[in-house]
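Per-entry structural report
Here is what each chain is made of, one letter per residue.
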Amino acid sequence: MKNKRFSVWSAAGTTVLAIFCFTFASSSGASTQARPLKSAPSSGYIAIDSRVTICEPAGTPLPIQNSVKDLANDFEKVFGVAPKIVARQEDAGPQTILVGEVARIPEAMRPVGLLAPESFAISVTNRASKTVVLTGPDLRGAIYAVYEFSRQYLGVDPMYYWNDREPARRTSIRISASLSQSYPAPAFKYRGLFLNDEDLLTGWAPGEKKDRTGISLAVWNKVYETILRLKGNIVVPGTWIFPDDPQIKLAGDRGLIVTQHHAIPLGLNVARWPRDIPYNYTTHPEILERAWKDAVASYDPNQEILWSVGLRGLSDVSYASMDPTVDGNDKALGALISKAIADQMQIVRAVHPDAKFVTDFWQEGARLVHQGYLTIPPEVIPVWADTGYGNPQDAGQVSAGQGLYYHVAMMNGRANQLTEMVPVERISAEIGRYAKARATEYILLNTSDIRPVSMTTKAVMDIAWKGSLTGGSAASDDYYRAWAKDEFGARAADAVADVYKDYFRAPAHWGDPPLEYGDQLYHTEARQMMLTYMTDAPLYTIPSQAPYWEPPRFLGPAFGRGVGKDWLNQTVKFELEQCGDAQPRWDAVWKKAVAAESLVDPARLPFYRAQVLAMIAINRDSNRILLLVVQAIQDLQEGDSAKAHAAVGMALTQFDDIHQAEAAAEYGKWKNWYRGDWLTGIDRTQETVKSFSRFLDDPLTHLEPPLIWSYWEAYYHIMHYEGDRSADVQ
């Protein structure tokens, strides 16, 4: 019989039981407090070993079957033998892990009082037969219990795929014979990840030839498993995708709700808008309405979807940039977006009467809300977005029933794509503020390629489940220490926690409020400065996320510093101070991290070198590269070409240090991980520095084209699997 993926609300009506045990003690594995279910049996323990059997009754939904397969793999990692999975209790052995819907198990084994969606319980129901029961009132509640049992009793890290931390081998595990606990519903209703600007994943695990998708389905499967192990329930499966892409069906098979990038409402891939077809909701609303209807119809009718509604331009730009009738008129823009939302809801409800909706206040959206120009129907979850640096744009106006779109990685030419940037104390304070305001309907976390930001990804998802980090004002310090202990061993915990704290304090800052220099800023700015010195204005940018037929654009004024040589002169002065002040901090944190390496558990050294040393090296050496480029330009302006040559030569050696650190992070399955660095573009910067060096020797040398590397290559690769396909507007 075909297993159907459920609608947002029909899933809540399916009661599921899986049998396992569970307590939640680790500060780094946040969850709500477990409560006793009912009177416990006599004291003592039961032992589970390699003879264990997993029982899932016939008719168990496919997403639970998939989680049970993961559990069987977890048991094999611990015991060396995969357990048998059976469909009938009479076929089970003396040690049983029972997985099934509550209605399909004996009434005496059912917990009482477990009603809230996505809550779950784990208990021992029959000490004599060594039966462990895991249950939830719905599909995902049972799935979470499966993975929480695995975390708590088998020692499987929810982030194991990304941090290579495998559980220890054992001959048996002990479970209290009196175990009987329930876990209440999560703090945030909808919780999940958005793998956005996925250049590293595309370069490392392309799925184009085999799977007809940008990233292989095997890796998508691991992404979905990670979300579920972190107790998430939603996913945006890629940036510019079509509704029938294969990873969307796979998300449903894993039990996740699909939602959409705010730039592609209803799943309409506007980055593939057909050439010569108007994209104008004022003059040709019928074209966009047909395209929205076609996108809705392209989804599997059984797909579980939280529909994103709104109106933006072709690519992730304001719609006003494409419609002269609303350009410069926020009141008219707000009214048009409000109309689009209402029309989109009507289109969806014609097919899915019980559909649920969300809208993101991204960039101009926040401004329109503050001005009172957006009308959001009460059935739509209003979602505030941050700036890409972990600072939500609600200006203190967040209220109950709203939600949050949050970043721990951000592709904007200045934030982070290869390394961590957003400190846990900011994450804790800002998401905690939303929890306190009861703005807990939704939290979507943008992780870009996930692996570089594994620590903060877990922190956000822990808070999304629990509502806060434990520890009050010291929560972030406690979190750094708990993460360091779990990942690198108890001996290293204090030293590595200090490294993390110093790391987040090391970057220079810009803007108001002060925003960190992310790994992209050093390279974006260094390339622009060298090209400006060699060629002056105008410089051009190649469209990247926009439809591939759009022409190059002029690079306009940046950060109030003008263009061309005016911009260059002001930026030289600014960065000499900014990067000059930051470099001693980066050198100090590097020294501290190298010293802490001797304390790390030897088995965890590869991950330490990837997650800590490479992260610091990329930022430390990139800061120095930008500083040396700035110094070289200043030397040239002062007529000292010898000093400029020396500075450029030193800058080139820093790339060797970065590549060495990256190579150490490409161990095992991570071979070629940095091949897809098309967004930060460290190799592109190196090529520009080499051209700049030749220019110092001979101003008549062949020059780099006057193009600012605006991510075109990244999106060429990310979207190449789509071929010449266009959005359907017929």
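The rules behind each value
- The numbers attached to residues start from 1 for each chain and follow its sequence in the written order.
- At least 70 in pLDDT is required for a residue's local features to be given in this predicted model, at least 80 for side-chain atom pairs to be given and counted, and no such filter applies to totals for whole chains, interfaces and linings, which use all residues.
- Excluding hydrogens and water, the side-chain values take into account all heavy atoms of the structure.
- When a carboxyl oxygen of Asp or Glu lies within 4 Å of a side-chain nitrogen of Lys or Arg, that pair is called a salt bridge.
- Under the DSSP-based scheme used, a helix requires at least four consecutive residues in state H or I and a strand at least two consecutive residues in state E, with every element numbered from the N terminus.
- We call a residue buried when its accessible area falls under 20% of the maximum for its residue type, exposed when it is over 50%, and partly exposed in between, using a 1.4 Å probe and counting protein chains only.
- For two strands to pair, DSSP has to find at least two bridges joining them.
- Crossover handedness is defined here as right-handed if the route from the first strand over the helix to the second strand goes clockwise, with the strands pointing away from the viewer.
- Summarising the geometry, the arc corresponds to the directions from the helix axis toward the C-beta atoms.
- Paired rings are identified among Phe, Tyr and Trp, the last through its six-membered ring, by centres lying within 6.5 Å, and are further divided according to the angle between planes into stacked (under 30 degrees), edge-to-face (over 60) and tilted (the rest).
- Cation placement over rings: the criterion is NZ of Lys or CZ of Arg within 6 Å of the ring centroid and within 35° of the ring normal.
- Between the N-to-C directions of two axes lies an angle of 0 to 180 degrees, each axis being a line fitted to C-alpha atoms and, for a helix, fitted only over the stretch in contact.
- These descriptions rest on fixed angle ranges, namely under 35 degrees for roughly parallel, over 145 for roughly antiparallel, 65 to 115 for roughly perpendicular, and the rest for oblique.
- Crossings are assigned a handedness: left-handed for a near helix turned anticlockwise from the far helix by less than a right angle, right-handed for a clockwise turn.
- Here, two residues are considered to be in contact whenever any of their heavy atoms come within 4.5 Å of each other.
- As a working rule, the residues Ala, Val, Leu, Ile, Met, Phe, Trp, Tyr, Cys and Pro are called nonpolar, Asp, Glu, Lys and Arg charged, and the rest polar, with Gly in that last group.

1. What to know about the pattern of salt bridges
Considering all chains together, one arrives at 41 salt bridges under this definition. The residue Glu-148 makes a salt bridge to Lys-231 at a minimum N-O spacing of 2.7 Å. Of the two residues, Glu-148 is situated in helix H2 (residues 139-154) and Lys-231 in the loop between helix H6 (217-229) and strand S14 (234-236); the sequence distance between them amounts to 83 residues. With relative accessibility at 2%, the residue Glu-148 sits in the buried group. The exposure class assigned to Lys-231 is buried, which follows from its relative accessible area of 6%. As a salt-bridge pair, Asp-343 and Lys-339 come within 2.7 Å of each other at their nearest N and O atoms. Highlighted residues: Asp-343 and Lys-339, both in helix H9 (residues 330-349), separated by 4 residues, approximately one helical turn.

2. Observations regarding the sheet that holds strand S25 (residues 707-708)
An order of S24-S23-S25 is seen for the 3 strands of this open sheet, with the pairing classed as mixed. Two strands in the sheet have a free side with no partner beyond their single neighbour: strand S24 (553-554) and S25. Inspection of the sheet shows strand S23 (residues 540-541) paired to S25 by 2 bridges, in the parallel sense. What sits directly across from Thr-541, in S25, is Ile-708.

3. Quick notes on the pairing of strand S20 (residues 442-446)
In terms of burial, S20 is largely enclosed, as 5 of its 5 residues are buried. Across 5 bridges, the pairing between strand S11 (residues 190-194) and S20 is parallel. Residue pairing for S20: Leu-193 is matched across the bridge by Leu-445. Bridge analysis of strand S19 (residues 403-407) against S20 gives 5 bridges, and the strand direction is parallel. Its bridge partner being in S20, Leu-404 is matched across the sheet by Ile-443. In this region the chain leaves S19, passes through helix H11 (residues 424-436) and returns to the parallel neighbour S20; the handedness of that crossover is right-handed.

4. A look at helix H20 (residues 712-719)
An α-helical turn contains 3.6 residues, so any two residues separated by three or four positions project in the same direction. Buried residues of H20: Ala-714, Tyr-715, Ile-718 and Met-719, and no others. One side of H20 holds all its buried residues, which, seen down the axis, span an arc of 105 degrees.

5. Notes on the packing of aromatic side chains
Given two aromatic rings, one states the distance between the centres and the angle between the planes to describe the pair. Counted by the stated rule, this structure contains 32 aromatic pairs. When the ring of Phe-488 is compared with that of Phe-607, the centres are 5.8 Å apart and the planes differ by 20 degrees; the resulting orientation is stacked. Here the residue Phe-488 occupies a position in helix H13 (residues 475-488), and Phe-607 occupies one in helix H17 (residues 605-637), the gap between them amounting to 119 residues. This pair shows no difference in class: Phe-488 is buried, exactly as Phe-607 is. Each residue in the set Tyr-161, Trp-162, Trp-204, Trp-670 and Trp-673 is aromatic and connected to the rest through ring pairs, giving one cluster. The ring of Trp-510 carries the charged tip of Arg-414 above its face, separated from the ring centre by 4.4 Å. A cation over an aromatic ring shows up here: Arg-451 above the ring of Trp-673, its NZ or CZ 5.4 Å from the ring centre.

6. Focus: the packing of helix H12 (residues 454-466) against H13
Between H12 and H13, whose axes approach to 11 Å, the crossing angle comes to 120 degrees. It follows that H12 is oblique to H13 by the angle criterion. Here H12 and H13 pass one another in a crossing that is right-handed. Counted together, Ser-454, Met-455, Lys-458, Ala-459 and Asp-462 of H12 and Tyr-479, Tyr-480 and Trp-483 of H13 form the full contact between these two elements.

7. Things to note about the packing of helix H14 (residues 493-505) against H17
Geometrically, a packed helix pair is captured by the angle between its two axes and the distance between the axes. Relative to each other, H14 and H17 sit at 30 degrees, their axes nearing to 12 Å. Accordingly, the angle class assigned to the pair H14 and H17 is roughly parallel. H14 and H17 meet at a crossing whose hand is left-handed. Across from Val-496, Val-499, Tyr-500 and Tyr-503 in H14, the residues of H17 making contact are Tyr-608, Gln-611, Val-612, Met-615, Ile-616 and Asn-619. Residues of the contact of H14 with H17, tallied by class, amount to 8 nonpolar, 2 polar and no charged.

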